[in-house]
Each structure stands twice: as C-alpha cells, then as structure tokens.
Amino acid sequence: SQTIHQWPATLVQPVGSPLSLECTVEGTSNPNLYWYRQAAGRGLQLLFYSVGIGQISSEVPQNLSASRPQDRQFILSSKKLLLSDSGFYLCAWDRGQSEAFFGQGTRLTVV
Amino acid sequence: AQSVAQPEDQVNVAEGNPLTVKCTYSVSGNPYLFWYVQYPNRGLQFLLKYITGDNLVKGSYGFEAEFNKSQTSFHLKKPSALVSDSALYFCAVRARFSGGYNKLIFGAGTRLAVHP
C-alpha cells in the first residue's frame, strides 16, 4: 500500500533562518506531488506541484522554493524565513484523476 | 474561472440529527469531485469521490454525497451526526489548466460542530 511521510511534525525557526521540509512517498511510482500551506486552520493554498523529477510549477510567487530530486521525494525550502511563512504545510500525492493523499503536516512557527 | 465554493463557514448540528455540508463547483468539462475531512493539526483524510455513475456516492464513516449536475452541487450528508464528526470539511474538484495539468482545487472549508 502507498504511504506518505512528512517531517518534521513541528518546527520553530527564527526569522532569517533557512528551511527544509521533506516529503516522501512509498508504494507508487511517478506520482504527482504537491505542497500546500494552510493558514489559521482554514483554506488550502497550493504552493507548488510537480509531475516528474525536476519539474516544478509554482502557483504563488513567494519566499519559498521546491525541488524534486527523486521520483518520490519532494522538498520545500527557503533561504531566509519571514514571519509570514508561519503556517501548516501539507504535502500530498496523487496519480492522474484519482483522489490525493495527504501527509500529516508540519506546523511551522517563525519567531 | 474554475472554482469550488463552500458557502457556510460553520455548520452546527445536534447529535443524532442529519447533517448537510454544501459545496458548489464551476469547472469546464465533466467534474471529478471529492470530500475530505481534517481534524486539528492533522492532514486531510479522503472521505469519498464522484467520478461517474450513480449520483449518490457513499464514503467513509457513514458519509455520503449527492452529485447534482444541473445545480453544479456536491453536498456532503450524513443521516445521523456524531460528536466525533466535528471537524473541518473540504470539498475539492479536479480542473484542467493550461499546459495539460489537472489539479485539485479546494473550497475554503466548512467547520462542522456537532453538539451533544
């Protein structure tokens, strides 16, 4: 069966520090991968999606970047965090037209 | 524009009563529709989907949803609510964008509160 791992679960980082969140998927190949951010426990904002290795599409210009170095690995990064980067970050995967499956999320607090 | 709307920020229901969480959509072509539930500080869990076929789809935890093409709606329902159903519910639709990519578009979410 397929599983998705996302870590860390919580993270507190100072303003100006770098960020690296990792997401890996097991049990499938060539998934579509997504990074979402959720603010204040409400709507989801799509940040990045990837349909293959090295293929990244950015939805919203911002202080973040994403990379997909391997088929089932998706990394969200920042060189210098801002206070406004705080939020709940969710990784997800899907195949074609099917439903997406989500990781457990990372609560990022920038202080 | 392709979109999903959840018109209610919050729905309050007494335990044992039926519940409905509303969703309407706007997409070109045939819609692929989904419902997810989110508990505090957790990821989204898939509940059910409509791809084709019977307009009434059944999902996890006793939930069901009815696809209505003429009203472009996909409301989530449950005959008898439980306190444990209290959570944040998201409706989503697949939409095709330029470049051939299709992505999930989520509604803003509806908070369901079931009172004892």
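As shown above, the structure is provided for reference.
To keep things clear, this report deals only with the structure shown in the data block.

1. Some words on the overall build of chain B
Okay, step 1: Summing up its helical and strand segments, chain B has zero helices and twelve strands in all.
Okay, step 2: Mapped from its N terminus to its C terminus, chain B presents α and β elements in the order β-β-β-β-β-β-β-β-β-β-β-β.
Okay, step 3: Rg of the C-alpha trace for chain B: 14 Å, near the compact-globule value of 13 Å for 116 residues, within the 12% margin.
Okay, step 4: The dimensions of chain B, computed from C-alpha atoms along their principal axes, are 50 × 30 × 20 Å.
Okay, step 5: Looking at chain B as a whole, 46% of its 116 residues are labelled buried.
Okay, step 6: Long-range pairs, those at least 24 residues apart, make up 55% of the contacts in chain B between residues at least 6 apart in sequence.
Okay, step 7: Within chain B, one finds 11 positive and 7 negative side-chain charges whose respective centroids are separated by 11 Å.

2. Overview of the nonpolar core
Residues and elements named next belong to chain B.
Okay, step 1: Counting residues in hydrophobic clusters, the biggest one holds 29 residues, and the most contacted among them are Trp35, Leu47, Leu48, Phe74, Leu76 and Tyr89.
Okay, step 2: When contributions to this core are tallied by element, the ones reaching two or more residues are β2 (10-14), β3 (19-21), β5 (32-38), β6 (44-50), β8 (64-68), β9 (73-78), β10 (87-96) and β12 (110-115).
Okay, step 3: Considering every element that reaches this core, the biggest residue donor is β10, with five residues.
Okay, step 4: Excluding residues within four positions of it along the chain, leucine 76 makes contact with Leu19, Thr20, Val21, Trp35, Leu47, Leu48, Phe63, Glu64, Ala65 and Tyr89.

3. A look at the interface of chain A and chain B
Okay, step 1: With 25 residues of chain A at the contact, the number on the chain B side is 25 residues.
Okay, step 2: Taken over both partners, the interface formed by chain A and chain B buries close to 2,000 Å², and the fraction arising from carbon and sulfur atoms is 47%.
Okay, step 3: Among the residues chain A hides against chain B, the three largest losses belong to A:Arg42, A:Gln97 and A:Glu99. Together they make up 31% of the total.
Okay, step 4: Taken together, the links from chain A to chain B amount to two salt bridges.
Okay, step 5: On the surface where chain A and chain B come into contact, there are seven residue pairs in polar contact (both at pLDDT 80 or more).
Okay, step 6: Elements represented by at least two residues in the side of chain A that touches chain B include exactly β4 (32-38), β5 (44-52), β6 (55-58) and β9 (87-94) of chain A.
Okay, step 7: It is β5(A) that contributes the most residues to the side of chain A that touches chain B, four residues altogether.
Okay, step 8: When the residues that make up the side of chain A that touches chain B are grouped by side-chain class, the tally is ten nonpolar, ten polar and five charged.

4. Quick notes on the packing of aromatic side chains
The relative placement of two aromatic rings is captured by the distance of their centres and the angle of their planes.
Okay, step 1: This structure, assessed with the given rule, holds 14 aromatic pairs over all chains.
Okay, step 2: Here a set of aromatic residues connected by ring pairs shows up, and it is made of A:Tyr34, A:Tyr36, A:Tyr49, A:Phe102, B:Tyr36, B:Phe46, B:Phe90 and B:Phe106.
Okay, step 3: We note B:Lys78 situated over the ring of B:Phe63; from NZ or CZ to the ring centre the distance is 5.0 Å.

5. Let's talk about the environment of A:Ser77
Residues and elements named next belong to chain A.
Okay, step 1: With respect to the secondary-structure elements, serine 77 resides in strand β8 (residues 73-78).
Okay, step 2: Spatially, the C-alpha atom of serine 77 lies 7.3 Å from that of proline 18, the residues being 59 residues apart in sequence.
Okay, step 3: Leave out the neighbours within four places in its chain, and serine 77 touches Leu19, Asn63, Leu64 and Ser65.

6. With respect to the sheet that holds strand β3 (residues 19-26) of chain A
Residue and element names in this part refer to chain A.
Okay, step 1: Spatially, β1-β3-β8-β7 is the arrangement adopted by the four strands of the open sheet, whose pairing is antiparallel. The two strands at the open ends of the sheet, each matched to only one other strand, are β1 (3-7) and β7 (65-70). Along the sheet, successive strands turn relative to each other by an average axial angle of 20°, direction set aside.
Okay, step 2: In terms of strand pairing, β3 meets β8 through six bridges, oriented antiparallel. Across the sheet, residue cysteine 23 finds its bridge partner in β8, namely phenylalanine 74.

7. What to know about the environment of B:Asp85
Residue and element names in this part refer to chain B.
Okay, step 1: Residue placement: aspartate 85 occurs in the loop between β9 and β10.
Okay, step 2: Aspartate 85 gets classed as buried once you look at its relative accessible area, which sits at 4%.
Okay, step 3: Separated by 22 residues in the primary sequence, aspartate 85 and phenylalanine 63 place their C-alpha atoms 9.9 Å from one another.
Okay, step 4: Aspartate 85 has contacts with Leu19, Phe63, Lys78, Ser80, Leu112 and Val114, leaving out every residue within four places of it along the chain.
Okay, step 5: Here the side chain of aspartate 85 touches lysine 78 through a polar contact of 2.8 Å, side chain to side chain.

8. Describing the pairing of β1(A)
Residue and element names in this part refer to chain A.
Okay, step 1: Of the two faces of β1, the one lined by Ile4 and Gln6 is fully buried and the one lined by Thr3, His5 and Trp7 carries no buried residue.
Okay, step 2: Pairing of β1 with β3, which is carried by five bridges, proceeds in the antiparallel orientation. Within the sheet, the bridge partner assigned to threonine 3 lies in β3 and is glutamate 26.

What counts as what
- What you see as residue numbers is a count from 1 along each chain, following the sequence as written.
- Following the order in which they are written, the chains are lettered starting with A and the ligands numbered starting with 1.
- In keeping with the predicted nature of the model, local features appear solely for residues at pLDDT of at least 70, side-chain atom pairs appear and are counted solely at 80 or more, and the whole-chain, interface and lining totals rest on all residues.
- The side-chain numbers reported here are obtained from all heavy atoms of the structure, hydrogens and water having been left aside.
- In this description a helix means any DSSP run of H or I spanning at least four residues, a strand means any run of E spanning at least two, and both kinds are numbered starting from the N terminus.
- The size measure is the radius of gyration over C-alpha atoms, and the globule rule it meets is 2.2 Å times the number of residues to the 0.38 power.
- Exposed residues in this analysis have more than 50% of their type's maximum accessible area, buried residues have under 20%, and partly exposed residues fall in between, with area computed by a 1.4 Å probe over protein chains only.
- Residue contacts follow a heavy-atom distance rule, with two residues in contact if any of their heavy atoms lie within 4.5 Å.
- Asp and Glu count as negative and Lys and Arg as positive, but His and the ends of the chain are not part of the count.
- Charge positions come from single atoms, namely NZ of Lys, CZ of Arg, CG of Asp or CD of Glu.
- The term nonpolar core refers to a set of buried residues drawn from Ala, Val, Leu, Ile, Met, Phe, Trp, Tyr and Cys, joined through side-chain atoms within 4.5 Å.
- Accessible-area loss on putting two parts together, using a 1.4 Å probe and summing over both, is the definition of buried area adopted here.
- What counts as a salt bridge is simple: a side-chain nitrogen of Lys or Arg found within 4 Å of a carboxyl oxygen of Asp or Glu.
- Polar contact is defined as a pair of N or O atoms within 3.5 Å, subject to the rule that within protein one atom must be able to donate a hydrogen and the other to accept it, and that residues adjacent in sequence are counted only when both atoms are side-chain atoms.
- Following the grouping adopted for this structure description, the nonpolar residues are Ala, Val, Leu, Ile, Met, Phe, Trp, Tyr, Cys and Pro, the charged ones are Asp, Glu, Lys and Arg, and the polar ones are all others, Gly among them.
- Note on ring pairs: Phe, Tyr and Trp rings are taken, using the six-membered ring of Trp, and paired if centres are within 6.5 Å. Classes follow the plane angle, with under 30 degrees stacked, over 60 edge-to-face and the rest tilted.
- We count a charge as sitting over a ring when the NZ of a lysine or the CZ of an arginine lies within 6 Å of the ring centre and within 35 degrees of the ring normal.
- Think of it this way: DSSP has to see at least two bridges between two strands before they count as a pair.
- In this analysis an axis means a line fitted to C-alpha atoms, helices contributing only their contacting stretch, and an angle means the value between N-to-C directions, from 0 to 180 degrees.

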